Amino acid sequence: MSSSAAPPRQGKEKKGMDRVLYKVKTVFHRKGGSSRKAASSSAVLAPAPVPIIQPPAPPARRAPEYEGATRIPRIQVHEERAKKLGARFGLEIKPSEWHSSEGEVLRVDKPVRMRIHRECHRCNSRFGTGNVCPSCRHTRCRQCARYPDKQTEADRQANRDRMEALIQKHKDMAPIIPSYDYAPQIVLTRPRKASTQDLVYKGRPRMRVRRYCHVCETLIGPHANQTRTCENCGHKRCADCPRQPDNKKSYPYGYPHDEPGSVFKGVFACHECKTKFDPQAEDGVQCSNCAHTKCSECPRLKPRKVEPEPDPAVLESLRLRMAELQTSES
């Protein structure tokens, strides 16, 4: 396409006024043609937008409605399960951190059913799902045993009464559940006769243990400048310092944290066979087990509390008594 004017018509050439009018018509014709061409070119260059056709949305599926079903929140089901698990295993479970708790669920309440077993009265075989015995092909009849037995209305009422009595018994004799709260402790007091201050019950009585220095017979207090040292003479507490009350049966090797004394130096053991020497044994005494002579390498047994050994006389009297009982029975 070109914007050049069309070739002049062949024929009689126009002159004068007709020629002027012809030129004016040609000018107007060119302007209208150029505008129409521009509009047509713009229409070609700018294509029309294609409409987007979206597929129709599928209809929402409705959950089927079941007979006897009720809608409950899902969080309620999770809370019930978490409570049961916590009561059984002692755990603290948060349902929100366990599963998704959004939405609802359907719950169907069904009556409790009891499984009934029947046995053939001919061969004592148990029936299956059918009414024919799998062993002897006997058809089930009224003589075939039924477990559990069929209950009458009186039996059902007796079971209800028994259950109500059991529930009431559990309520009346409920177990004592410990409380872990920080409630104030109950203090038991009793008025004192001599002064205004009341006596406070502190549970099991404890015995006060006192140690005295065997050099100056001064009480060795627990609040001294140096622990386990006499404040009067500076003597270090040893195995010879008396103890009140005395408990040498439980501490045959000496009391803990005591130094060896001049009288009681402690109990030593053989370093070869670990056999104990007598408490008053001196160096050079032979071991009763391996005949080793007590030397400086034999260690001293650590002072500790031990269970007192039974008295041989008591054991012998007990043995004789058991022997008398056996002879009397025979």
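Above this text you will find the structure in question.
To start, this report covers the structure provided alongside it.

Rules used throughout
- Residues numbered from 1 in each chain as written.
- Predicted model: local features only at pLDDT ≥ 70, side-chain atom pairs only at ≥ 80, totals over all residues.
- Heavy atoms only, no water.
- Helix = DSSP H or I, 4+ residues; strand = E, 2+ residues; numbered from the N terminus.
- Buried < 20%, exposed > 50% of the residue type's maximum accessible area, 1.4 Å probe, protein only.
- Contact = heavy atoms within 4.5 Å.
- Disulfide = S-S within 2.5 Å.
- Salt bridge = Lys/Arg side-chain N within 4 Å of Asp/Glu carboxyl O.
- Core = buried A, V, L, I, M, F, W, Y, C linked by side-chain atoms within 4.5 Å.
- Polar contact = N/O pair within 3.5 Å; in protein donor to acceptor, adjacent residues only side chain to side chain.
- Phe/Tyr/Trp six-rings, centres within 6.5 Å; stacked < 30°, edge-to-face > 60°.
- Lys NZ or Arg CZ within 6 Å of the ring centre and 35° of its normal.
- Expected span 1.5 Å × (residues − 1).
- Arc of directions from axis to C-beta.
- Patch = residues over 30% accessible without salt bridge, like charges linked within 9 Å, V, L, I, M, F, W, Y side chains within 5 Å.
- Areas by Shrake-Rupley, 256 points an atom, 1.4 Å probe, with all protein chains shown as cover.
- Lys, Arg positive; Asp, Glu negative; His and termini not counted.
- Charge placed at Lys NZ, Arg CZ, Asp CG, Glu CD.

### Focus on the overall build of the protein chain
Thinking step 1. The number of helices and strands found in the protein chain is 4 helices and 8 strands.
Thinking step 2. The helix and strand sequence of the protein chain, counted from the amino end, reads α-β-α-β-β-β-α-β-β-β-β-α.
Thinking step 3. In the protein chain, buried positions account for 14% of the 330 residues.
Thinking step 4. Taking the intrachain contacts of the protein chain between residues at least 6 apart in sequence as the baseline, contacts between residues at least 24 apart amount to 41%.

### Here's the deal with the state of the cysteines
Thinking step 1. Here the structure, examined in full by the defined rule, presents 0 disulfides.
Thinking step 2. Free cysteine Cys120: the closest other cysteine sulfur is in Cys136, separated by 3.7 Å.
Thinking step 3. Overall, Cys120 belongs to the buried group, its relative accessible area being 1%.
Thinking step 4. Just so you know, Cys213 is unpaired, no disulfide at all, and the nearest cysteine sulfur is the one on Cys233, 3.7 Å from it.

### Regarding the pattern of salt bridges
Thinking step 1. The final tally for this structure, using the stated rule, is 7 salt bridges.
Thinking step 2. For Arg237, the salt bridge goes to Asp258, with nearest N and O atoms at 2.8 Å. Placement of Arg237 in the loop between β7 (210-211) and β8 (243-244) and of Asp258 in the loop between β8 and α4 (312-329) is noted, with a sequence separation of 21 residues between them. Exposure class is identical for Arg237 and Asp258. Each is buried.
Thinking step 3. Residues joined by salt bridges that share partners form a network here, namely Glu153, Arg156 and Arg160.

### Section: the nonpolar core
Thinking step 1. Of all hydrophobic cores here, the largest spans 7 residues; its members are Ala239, Tyr253, Phe264, Val267, Ala269, Leu301 and Val306.
Thinking step 2. Apart from the residues lying within four places of it in its own chain, the contact partners of Phe264 are Ala239, Asp240, Pro252, Tyr253, Gly254 and Pro279.
Thinking step 3. Counting 5 residues, the second-largest nonpolar core is a separate cluster that includes Phe277, Ala281, Cys287 and Cys298.

### Here's the deal with the side chain of Thr229
Thinking step 1. Following the sequence through the fold, Thr229 ends up in the loop between β7 and β8.
Thinking step 2. Under the relative-accessibility criterion, Thr229 is labelled buried at 7%.
Thinking step 3. A distance of 3.1 Å separates a polar atom in the side chain of Thr229 from the backbone oxygen of Thr227.
Thinking step 4. When neighbours within four sequence positions are excluded, Thr229 is seen to be in contact with Ile220, Ala224, Gly234, His235 and Lys236.

### Concerning the environment of Gln286
Thinking step 1. Position of Gln286 among the secondary structure elements: in the loop between β8 and α4.
Thinking step 2. A C-alpha to C-alpha distance of 9.3 Å links Gln286 and Cys270, two positions 16 residues apart in sequence.
Thinking step 3. In contact with Gln286, other than residues within four places in its own chain, are Phe277, Ala291, His292 and Thr293.

### With respect to the packing of aromatic side chains
Thinking step 1. One pass over the structure, following the stated rule, counts 1 aromatic pair.
Thinking step 2. Relative to Tyr255, the ring of Tyr251 lies with its centre 5.5 Å away and its plane at 50°, an arrangement referred to as tilted. Residues Tyr251 and Tyr255 agree in their burial class; the two are buried.
Thinking step 3. In this structure, Lys294 is placed above the aromatic ring of Phe277, and the distance from its NZ or CZ to the ring centre is 6.0 Å.

### Considerations on unusual backbone geometry
Thinking step 1. The linkage connecting Tyr147 with the following residue, Pro148, adopts the cis geometry, with an omega of -5°.
Thinking step 2. You can see Pro148 is positioned in the loop between β4 (145-147) and α3 (153-172).
Thinking step 3. With an omega of -5°, the peptide bond running from Gln244 to Pro245 counts as cis.
Thinking step 4. With respect to the helices, strands and loops of the structure, Pro245 is situated in the loop between β8 and α4.
Thinking step 5. Positive phi, normally seen in glycine, also occurs at His257, with a value near 65°.
Thinking step 6. Mapped onto the secondary structure, His257 falls in the loop between β8 and α4.
Thinking step 7. The exposure class of His257 is exposed, given its relative accessible area of 59%.

### Quick notes on helix α2 (residues 74-89)
Thinking step 1. In a regular helix each residue adds 1.5 Å, so 16 residues correspond to 22 Å; α2 covers 23 Å between its end C-alpha atoms and thus fits that length.
Thinking step 2. Along α2, the residues classified as buried are Val77, His78, Ala82 and Gly86. Buried residues of α2, seen end-on, are gathered within an arc of 160° and therefore sit on one face of the element. The exposed residues of α2 that point more than 90 degrees off its buried face are Lys83, Lys84, Ala87 and Arg88.

### Observations regarding a positive patch on the surface
Thinking step 1. Together, Lys202, Arg206, Arg208 and Arg210 make up a positively charged patch on the protein surface.
Thinking step 2. Structurally, Arg210 is set in strand β7.

That is the geometry; function is a separate question.
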